[in-house]
Amino acid sequence: QVQVVESGGGLVQPGGSLRLSCVASGRFNIIYRMAWYRQAPGKQRELVAGIRRGGASDYPDSVKGRFTISRDNAKNTVYLEMNSLKPEDTAVYYCNVNVQTWGMSSPSDYWGQGTQVTVSS
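Residues numbered from 1 in each chain as written. Predicted model: local features only at pLDDT ≥ 70, side-chain atom pairs only at ≥ 80, totals over all residues. Heavy atoms only, no water.

Would you take a moment to explain the sheet that holds strand β1 (residues 2-7) for this structure?
Strand-to-strand pairing in sheets goes through backbone hydrogen bonds, with the strands running parallel or antiparallel. With respect to topology, four strands assemble into an open sheet ordered β1-β3-β8-β7, the strand pairing being antiparallel. Looking at the sheet topology across the chains shown, the edges are occupied by β1 and β7 (67-72). Mean inter-strand twist for the sheet, computed between neighbouring axes without regard to direction, equals 15 degrees. For β7 and strand β8 (residues 77-82), the ladder comprises six bridges, and the chain directions are antiparallel. (Pairing = 2+ DSSP bridges. Helix = DSSP H or I, 4+ residues; strand = E, 2+ residues; numbered from the N terminus. Axes fitted to C-alpha atoms, helices over the stretch in contact; angles between N-to-C directions.)

Here it is, written out as structure tokens:
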């Protein structure tokens, strides 16, 4: 069983910053890709940032230059630093981890419960 828990969401004014954290715990061998997604009301869930175990990261154009993803493999933790936030960044942010668990032939994806980010004056 793998647990994924996000933290760090909240209310911030436009132009402000927030830092999200996500910790994975449980019985597993290794975490491969870690990523952040978001879902705004009435919209589909979309990728915000992803990072491979070795550190290579990717972002959609909508957040490139404003958001930075990082990870600490020793702590099974991924972070999302969000700067220059805009009202359109308002959404529930979800952490996704791709994990190889003991006894399984291939890795699986696990999701956190989400954390609300609201950008408003």
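After that view, the rundown keeps rolling.
Whenever I open this one, the state of the cysteines confuses me. Can you help?
Here a disulfide denotes a covalent bond joining the sulfur atom of one cysteine to the sulfur atom of another. Taken as a whole, this structure holds one disulfide when the rule is applied. Across the disulfide, Cys 22 is cross-linked to Cys 95 (sulfur-sulfur distance 2.1 Å). Judged by the sign of its S-S torsion, about -80 degrees, the bond between Cys 22 and Cys 95 is left-handed. Of the two residues, Cys 22 sits in strand β3 (residues 18-26) while Cys 95 sits in strand β9 (residues 91-100), which places them 73 residues apart along the sequence. Here Cys 22 matches Cys 95 in class, with each residue buried. (Disulfide = S-S within 2.5 Å. Buried < 20%, exposed > 50% of the residue type's maximum accessible area, 1.4 Å probe, protein only.)

What's the story with the nonpolar core in this structure? I'm lost.
Side chains of a nonpolar character, in soluble globular proteins, are inclined to be buried together. In this structure, Trp 36, Leu 80, Met 82 and Tyr 93 are the most contacted members of the largest nonpolar core, which totals 29 residues. Sorting the residues of this core by element identifies β1, β3, β4 (30-39), β5 (46-51), β7, β8, β9 and β11 (115-119) as the ones contributing at least two each. When residues of this core are assigned to their parent elements, the largest contribution, five residues, is made by β9. Other than its neighbours up to four places away in sequence, Met 82 contacts Gly 16, Ser 17, Leu 18, Leu 20, Arg 66, Phe 67, Tyr 93 and Val 117. (Core = buried A, V, L, I, M, F, W, Y, C linked by side-chain atoms within 4.5 Å. Contact = heavy atoms within 4.5 Å.)

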